[in-house]
Amino acid sequence: GGAATDACATADASGSTASKPLIDGSKIDARQTTTLHGTVPLKVAKSQDLGAMGQTESIPSMTLVLKRSAAQQKMFDAFLASLNNPASPNFHKWLTAKQVGEAYGPNADDVATVTKWLNSQGLGVKNVSPDRMRIRFTGSVGAVQRAFGTSMRRYNAEGKTHFANATEQKLPAALTPVVAGVASLTDFFPKPLVKNVQAVKRDGKGHWVSAGNRSPR
């Protein structure tokens, strides 16, 4: 295999493949931004605009999506492939999410820098996922609009009220090597393909029945 495969064959949770920091915190400048194209929900164009959200309204749960460097992603992909290769030393040596983060996630210093930036924008960080690929945060509409250079508005779609960013997200350019964007600046979510899903359990005869139903006698 190539260098990436060889590196993965010896990688473990010690972080031997962990990347070096990609963000220079001193260069984070709100005046030097990068526009993240494709970040306006498609449904915005098909919905009735009900006006701007209030500056002090709270958005309780948002997710900042992080990304690996191209080289690191290549190594991670090779590691995933090696898990199912009987000839690989990694065959079926599954890693926990925390181990994936340590070995293949964004650098811990970069994650700390991004977290510090979110806090500096008046946004509250809830948690960082164990694999270091997502940061959950909360904040006011005003803080979100300033941090991500967008406009938050309400919309009517099929008789229901939703909210979404009306313009493309923007980020300080210095963050873009590690930050992909915000995945949830909207409550326009895909409709489930399966409806009326119910919890199930086995009845006394071993048959699967709805958890809300009594077993047939």
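Above this text you will find the structure in question.
Computed from a predicted model, the values in this text were never measured in an experiment.

About the thresholds
- For every chain, the first residue of its written sequence is number 1, and the numbers climb from 1 along that sequence.
- For this predicted model, a pLDDT threshold of at least 70 governs which residues receive local features, and a threshold of 80 or more governs which side-chain atom pairs are given and counted, while totals over whole chains, interfaces and linings are taken from all residues.
- Values reported for side chains reflect all heavy atoms of the structure, with hydrogen atoms and water molecules removed beforehand.
- Counting from the N terminus, the helices are the DSSP runs of H or I reaching at least four residues and the strands are the DSSP runs of E reaching at least two.
- Whether two residues are in contact is decided by their heavy atoms: any pair within 4.5 Å suffices.
- Per-residue and other accessible areas were derived by the Shrake-Rupley procedure at a 1.4 Å probe size, with only the shown protein chains allowed to occlude residues.
- Note on aromatic contacts: the rings of Phe and Tyr and the six-membered ring of Trp form a pair at centre separations within 6.5 Å, being stacked when their planes are under 30 degrees apart, edge-to-face when over 60 apart, and tilted otherwise.
- For each residue, the accessible area found with a 1.4 Å probe, counting protein chains only, is set against the maximum for its type, and the residue is called buried under 20%, exposed over 50%, and partly exposed in between.
- A ring has a charge above it when a Lys NZ or an Arg CZ is no more than 6 Å from the ring centre and no more than 35 degrees off the ring normal.
- Put simply, a nonpolar core is a bunch of buried Ala, Val, Leu, Ile, Met, Phe, Trp, Tyr and Cys residues held in one set by side-chain atoms that sit within 4.5 Å of each other.
- Pairing between two strands is assigned when DSSP locates at least 2 bridges connecting them.
- In this analysis, the expected span of each helix is defined as 1.5 Å times one less than the number of residues it contains.
- By construction, the arc corresponds to the directions joining the helix axis to the C-beta atoms.
- The term polar contact refers here to a pair of N or O atoms within 3.5 Å; inside protein, the definition further demands a hydrogen-donor-capable atom paired with an acceptor-capable atom, and it admits residues adjacent in sequence only when both atoms are side-chain atoms.

Structural notes on the overall build of the chain
Per the secondary structure count, the chain includes 5 helices and 11 strands. Taking as baseline every contact in the chain between residues at least 6 positions apart, the subset at least 24 positions apart corresponds to 68%. When the accessible surface of the chain is totalled, it reaches about 12,600 Å², and 54% of it is carbon and sulfur.

Digging into the packing of aromatic side chains
With the rule as written, the count across this model stands at 5 aromatic pairs. Taking the centre distance of 6.4 Å and the plane angle of 45° together, the rings of Tyr155 and Phe188 count as tilted. On the criterion of sequence distance, the pair formed by Tyr155 in strand 6 (residues 152-157) and Phe188 in the loop between strand 9 (179-182) and strand 10 (200-202) is long-range, its members being 33 residues apart. Its relative accessible area of 3% is what places Tyr155 among the buried residues. For Phe188, a relative accessible area of 10% corresponds to the buried category. Cluster of aromatic residues (ring-pair linked, three or more members): Phe76, Phe79 and Tyr104. Sitting over the ring of Phe76, Arg68 keeps its end group 4.0 Å from the ring centre.

Some points on the nonpolar core
Ranked by internal contacts, the top residues of the largest apolar core, which has 27 residues, are Leu64 and Phe148. Contributions of two or more residues to this core are made by strand 3 (58-66), helix 4 (108-120), strand 5 (134-140), helix 5 (141-148) and strand 9. Broken down by element, this core gets its largest block of residues, 5 residues, from helix 5. Those residues within four positions of Phe148 in sequence are excluded, and the remaining contacts are Leu64, Trp117, Leu118, Leu123, Phe137, Glu168, Gln169, Lys170, Leu171 and Val182. By size, the runner-up hydrophobic cluster in this structure holds 7 residues, among which are Met75, Leu83, Ala103 and Tyr104.

Considering the pairing of strand 5
It is a general feature of regular strands that their side chains alternate between the two faces of the sheet. Because side chains alternate across strand 5, one face comprises the buried residues Ile135, Phe137 and Gly139, and the other comprises Arg134, Arg136, Thr138 and Ser140, none of which is buried. Sheet analysis places strand 3 next to strand 5, joined by 6 bridges and oriented antiparallel. Within strand 5, the residue paired with Leu64 across the bridge is Ile135. Pairing between strand 4 (residues 124-128) and strand 5: 4 bridges, direction antiparallel. Residue pairing for strand 5: Asn127 is matched across the bridge by Arg136. What sits between the antiparallel neighbours strand 4 and strand 5 is a turn of 5 residues, in which Arg132 has the positive phi angle 65°.

Thoughts on helix 4
Its 13 residues give helix 4 an end-to-end C-alpha distance of 18 Å, which sits within 8% of 18 Å, the value for a rise of 1.5 Å per residue. Burial in helix 4 covers these residues: Asp110, Val111, Val114, Thr115, Trp117 and Leu118. One face of helix 4 carries all of its buried residues, which in axial projection span an arc of 160°. Facing away from the buried surface of helix 4 by more than 90 degrees, the exposed residues are Asp109, Lys116 and Ser120. Against strand 3, strand 4, strand 5, helix 5, strand 8 (169-172) and strand 9 lie the buried residues of helix 4. Among the residues of helix 4, the N-terminal cap falls to Asn107, whose side-chain oxygen and the backbone nitrogen of Asp109 are separated by 2.7 Å. Downstream of helix 4 by one or two residues, Gly122 has phi in the positive range, about 80°.

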